[in-house]
Amino acid sequence: EAAEYCVRGLVADYYATPDDWDASVALDRVLNAINRWLLAQSAAHPEREGMASTLSALVLRQRRYVIAHIGDTRVYLLRGGQLTQLTTDHVWDRPEMRHVLTRAMGLDTRLAIDYSDGELELGDRFLLTSDGVWHQLGDTRLRELLAAQTDAQQAAQTLCAAALAAGSQDN
């Protein structure tokens, strides 16, 4: 429920921000408002206590990209055959705790989002994926599967099917 609200709220509210705002400013204001709503829902409704979600967002504007990230979803860039992870996982740094988020939407009143940006190049491809896919497949297999697909929908289906076939039961 939290993940769905984050995505729907981001898509609806980001496009309502003024065009002259920098993408990271617009993302920050929208995501902070969503975070406040999630916290209010958790406080007001016991059945929604702990309502939190990981979130990675990508904005393409002119010849640049901007990423907003919190949690353990990942954003990758496939450029020139090289797959580069552009985000850092916000999880505990102990093997038995790597599934526990240290930062997420709705987890804390102070929202600590990582922002990054870069210049786009012809042929760039981005992958936004949950831990149910990246954890199960690993970077090498992700690169192989992504490089073999040219259609975004087909690539998504192929990655999900490969993760499920490899035993993923998450996301």
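Here goes a summary of the coordinates provided. (Residues numbered from 1 in each chain as written. Predicted model: local features only at pLDDT ≥ 70, side-chain atom pairs only at ≥ 80, totals over all residues. Heavy atoms only, no water.)

## Observations regarding the sheet that holds strand 1 (residues 55-61)
Spatially, 1-2-5 is the arrangement adopted by the three strands of the open sheet, whose pairing is antiparallel. Of all the strands in the sheet, just strand 1 and strand 5 (114-119) have a single pairing partner and so form its edges. Averaged over all pairs of adjacent strands, the angle between their axes in this sheet comes to 15°, without regard to strand direction. Direction of pairing for strand 1 relative to strand 2 (residues 64-70): antiparallel, over a ladder of seven bridges. The partner of Val-59 across the bridge, within strand 2, is Val-66. (Pairing = 2+ DSSP bridges. Helix = DSSP H or I, 4+ residues; strand = E, 2+ residues; numbered from the N terminus. Axes fitted to C-alpha atoms, helices over the stretch in contact; angles between N-to-C directions.)

## A look at the pattern of salt bridges
Scanning all chains against the criterion turns up 10 salt bridges. Among the ionic pairs, Asp-114 bridges to Arg-103, the shortest N-O distance being 3.1 Å. With a gap of 11 residues between them, Asp-114 in strand 5 and Arg-103 in the loop between strand 4 (82-85) and strand 5 connect regions that are remote in the sequence. Exposure remark for Arg-103: the relative accessible area of 25% places this residue in the partly exposed category. One salt bridge in this structure joins Glu-144 and Arg-141, with 3.4 Å as the shortest N-O distance. Here Arg-141 and Glu-144 lie together in helix 3 (residues 131-147), a separation of three residues that amounts to about one turn. Glu-144 sits in the partly exposed class, given a relative accessible area of 36%. Of the residues examined, Arg-141 reaches a relative accessible area of 38% and is grouped as partly exposed. Ionic contacts of the salt-bridge type, sharing partners, join the residues Arg-64, Asp-117 and Glu-119 into one network. (Salt bridge = Lys/Arg side-chain N within 4 Å of Asp/Glu carboxyl O. Buried < 20%, exposed > 50% of the residue type's maximum accessible area, 1.4 Å probe, protein only.)

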